[in-house]
Amino acid sequence: MSTGRVSGRALRGWALRGRTLRGQALRGYRRSGDNRELVLSPARACPRLTACPMFTSEDHRWMLRAIELAARGMDTTTPNPRVGCVVVRDGEMVGEGWHLRAGEPHAEVISLAHAGARARGATVYLTLEPCNHHGRTPPCTDALIEAKVARVIAAMEDPNPLVNGEGLTRLRAAGIDVRCGLLGAQAADLNPGFVSRMTRGLPWVRMKVAASLDGFTALPDGRSQWITGESAREDGHRWRARACAILTGIGTVREDDPKLTARLEGVRRQPVKVLVDSRLEVDLQARMLKGGDVLVVCSQERSDKAAELRDRGCEVLVLPDPSGKVDLPALMRTLAGRGINEVHVEAGHKLNASLLRERCVDELLAYLSVSLLGRGRPMFELEAVASIDERITLDLQSVERLGNDVRLLARVARAG
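Thresholds applied
- Residues numbered from 1 in each chain as written.
- Predicted model: local features only at pLDDT ≥ 70, side-chain atom pairs only at ≥ 80, totals over all residues.
- Heavy atoms only, no water.
- Helix = DSSP H or I, 4+ residues; strand = E, 2+ residues; numbered from the N terminus.
- Buried < 20%, exposed > 50% of the residue type's maximum accessible area, 1.4 Å probe, protein only.
- Contact = heavy atoms within 4.5 Å.
- Areas by Shrake-Rupley, 256 points an atom, 1.4 Å probe, with all protein chains shown as cover.
- 1 Å grid on protein atoms, 1.4 Å probe; cavity = no way out; pocket = protein on both sides within 12 Å on 5 of 7 lines; lining within 4 Å.
- Points joined across faces, edges and corners; volume = space filled by probe spheres on them.
- Nonpolar A, V, L, I, M, F, W, Y, C, P; charged D, E, K, R; others polar.
- pLDDT = per-residue confidence, 0-100.
- Patch = residues over 30% accessible without salt bridge, like charges linked within 9 Å, V, L, I, M, F, W, Y side chains within 5 Å.
- Salt bridge = Lys/Arg side-chain N within 4 Å of Asp/Glu carboxyl O.
- Pairing = 2+ DSSP bridges.
- Core = buried A, V, L, I, M, F, W, Y, C linked by side-chain atoms within 4.5 Å.
- Axes fitted to C-alpha atoms, helices over the stretch in contact; angles between N-to-C directions.
- Polar contact = N/O pair within 3.5 Å; in protein donor to acceptor, adjacent residues only side chain to side chain.
- Phe/Tyr/Trp six-rings, centres within 6.5 Å; stacked < 30°, edge-to-face > 60°.
- Lys NZ or Arg CZ within 6 Å of the ring centre and 35° of its normal.

Draft legend 1. Quick look at the overall build of the protein. The helix and strand inventory of the protein stands at 12 helices and 21 strands. Counting over 416 residues, the protein shows a buried share of 53%. Sequence-distant contacts in the protein: of pairs separated by 6 or more residues, those separated by 24 or more amount to 71%. Accessible surface for the protein amounts to roughly 18,700 Å². Of this, 50% is attributable to carbon and sulfur atoms.

The structure is reproduced here in structure tokens:
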């Protein structure tokens, strides 16, 4: 499928007029040199850019602050997006806020309340277009119009079909100076799952692996505690905390008996735990079944075992594929339908490989220990490719040292 592209660097310095990205399917992001490109559907892939730069260094400063604020809701806003807002008048911040959780006030409302009467004539910096519909809360466009703000700068349009440019259109119709596109790629990086769910009907799937430098996640007998150090393991819990769901397989539960919780001080929400267990072989005493929301996905329901799981508060979902295993793409669509934005995978080499083969994985989070095991369990049990051209390629996003380990974040490259 052909795509249109607007580089993140270009969006940083230009205002978007008219419908900007309205109505376009934002499929994701792809690196091109030093830029990260927005990949849009071909229908309306070219937003209309003005012929002169419209964002100042002060605009960048305040939008960066809004992005910083939005990140404070990293582990709480699901299924809503993470959004930050700053209200500025005469060069001073007079109000700011971020969205904390669904059903509670949005970032705009919190910021305007903070600003009070000083919001009149102010500029509002938003990481996401304001909503223009009644959901759990009233439209944020109403609050902005009633506050009589002079200007609204949004980092990006809201890909939610209920919004999708209508919020900005409503503000323009009310006489507010509206601009969009400032630090759009950075703002979108806050919400890869929300964007994915709104545009693809799928969650953003991040697969976490921890391995030695020679690519092994465990000894041949399955023992793996601990390949990486404390700093890497703590960082892994932060990624768990931001996810909406943690997914694993029956092999990992049998061998490691994980709790699958985010164990960090101050964690305010635990992700849903998802177990892929085709034949419902899980031990009823497994630690992951104790506490929290648990979804067990199988391909054939054993009525007695399913009943026992349900008695323990677990949900059992039957999703067979033609080969008698769990239909993984259907599972991802089901999770998206339940408002799951980000799925964090911590599984063994077999399920990891199946997810990759089924093109269910968007991103790899790899922790590499500076050590060698010689032999052991691989990260993925993939078939050998016939040529280098058939390999799965990744776009490297970041590299960071954590103690004596290295963390790599890389996105699975998709054919254009």
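Draft legend 2. Local environment of empty space enclosed by the protein. Inspection of every chain in the model, using the stated rule, returns 4 cavities of 30 Å³ or more. Considered as a void within the structure, the largest cavity measures approximately 90 Å³ in volume. Taken together, 17 residues line the largest cavity, and the ones lying closest to its centre are Thr77, Thr78, Asn80, Arg82 and Asn341. For the lining of the largest cavity, the residue count by class is 5 nonpolar, 7 polar and 5 charged.

Draft legend 3. The confidence of the model for the protein, seen in detail. When the pLDDT values of the protein are averaged, the result is 85; 86% of them are 70 or greater. In the model, residues 1-52 has pLDDT below 50 throughout and makes 145 contacts with residues more than four positions away in sequence or in other chains.

Draft legend 4. Here's a closer look at a nonpolar patch on the surface. Side chains of Leu213, Val370 and Leu372 sit close together on the surface and give an oily, nonpolar patch of about 320 Å² of accessible area. Its place among the elements puts Leu213 in the loop between β11 (204-212) and β12 (216-218).

Draft legend 5. Geometry of the pattern of salt bridges. Overall, the coordinates contain 28 salt bridges when judged by the stated rule. Salt-bridge contacts for Glu58 lead to Arg61; the nearest nitrogen and oxygen are separated by 3.2 Å. Here the residue Glu58 and the residue Arg61 both occupy positions in helix α2 (residues 57-70), the gap between them amounting to 3 residues, near one helical turn. The partly exposed category is assigned to Glu58, whose relative accessible area is 35%. Of the charged contacts, one joins Arg206 and Glu342 as a salt bridge, the two residues approaching to 3.0 Å between their closest N and O atoms. In this pair, Arg206 sits in strand β11 while Glu342 sits in strand β17 (residues 342-345), placing the two residues 136 residues apart along the sequence. Taken as a pair, Arg206 and Glu342 share a single burial class, namely buried. Salt bridges sharing partners connect three or more residues here, namely Arg82, Asp189, Arg206, Arg242, Glu342, Glu363 and Arg411.

Draft legend 6. Quick peek at the pairing of strand β16 (residues 315-318). Across 4 bridges, strand β15 (residues 294-298) lies against β16 in parallel orientation. Along β16, the bridge assignment pairs Val297 with Leu317.

Draft legend 7. A look at the nonpolar core. The biggest cluster of nonpolar side chains holds 41 residues, and the ones touching the most others in it are Met63, Val87, Val124, Leu144, Val149 and Val152. Listed by contribution, the elements that provide at least two residues to this core are α2, β6 (84-89), α3 (107-115), β8 (123-126), β9 (151-154), α5 (166-173), β10 (177-180) and α6 (184-189). Of all the elements, α2 adds the most residues to this core, at 6 residues. Not counting the four nearest positions on each side in its chain, Val149 is found in contact with Leu112, Ala119, Gly121, Ala122, Val124, Leu144 and Ile176. Grouped together as the second largest cluster of nonpolar side chains are 33 residues, Leu295, Val361, Leu364 and Ala366 included.

Draft legend 8. Structural context of the sheet that holds β6. With respect to topology, 5 strands assemble into an open sheet ordered β7-β6-β8-β9-β10, the strand pairing being mixed. Whereas interior strands pair on both sides, the edge strands pair on one side only; in this sheet they are β7 (92-98) and β10. The mean angle between the axes of side-by-side strands here comes to 15°, regardless of whether they run parallel or antiparallel. Bridge count between β9 and β10: 4 bridges; the pairing is parallel.

Draft legend 9. Local environment of the side chain of Thr141. Along the chain, Thr141 turns up in helix α4 (residues 140-146). Residue classification places Thr141 among the buried residues on the basis of a relative accessible area of 0%. At 3.4 Å, the side chain of Thr141 forms a polar contact with the side chain of Arg170. Those residues in contact with Thr141 that sit more than four places away from it in its chain are Pro130, Cys131, Asn132, Gly167, Arg170 and Leu171.

Draft legend 10. Expanded view of helix α7 (residues 192-200). When α7 is considered as a whole, its buried residues turn out to be Pro192, Gly193, Phe194, Val195, Ser196 and Arg197. Note on α7: the residue one or two positions beyond its end, Gly201, has a positive phi of about 70°.

Draft legend 11. Region of the structure containing the sheet that holds β15. Across the sheet, which stays open at both edges, the 9 strands sit in the order β16-β15-β14-β13-β17-β11-β18-β21-β20 with mixed pairing between neighbours. With partners counted over all chains shown, the strands left at the sheet margins are β16 and β20 (394-402), one partner each. Sheet twist, expressed as the average angle between the axes of neighbouring strands with direction ignored, equals 20°. Pairing geometry for β20 and strand β21 (residues 405-412), over 8 bridges, is antiparallel. When the sheet's bridge partners are listed, Leu402 is paired in β21 with Asp405.

Draft legend 12. Layout of the environment of Cys85. Relative to the assigned elements, Cys85 resides in strand β6. Between the alpha carbons of Cys85 and Val124 there is a distance of 7.0 Å; along the sequence they are 39 residues apart. Apart from the residues lying within four places of it in its own chain, the contact partners of Cys85 are Ala66, Leu69, Gly95, Glu96, Gly97, Ala107, Glu108, Ser111, Val124, Tyr125 and Leu126.

Draft legend 13. Fine view of the packing of aromatic side chains. All chains considered together, the criterion is met by 0 aromatic pairs. Arg61 extends its terminal NZ or CZ atom over the ring of Trp62, reaching a point 4.1 Å from the ring centre. The side chain of Arg72 reaches across the aromatic face of Trp98, ending 4.9 Å from its centre.

Draft legend 14. Examining the pairing of β9 more closely. Because side chains alternate across β9, one face comprises the buried residues Arg151 and Ile153, and the other comprises Val152 and Ala154, equally buried. When β8 meets β9, the two strands line up parallel, connected through 4 bridges. Considered in β9, the bridge of Thr123 is made with Arg151.

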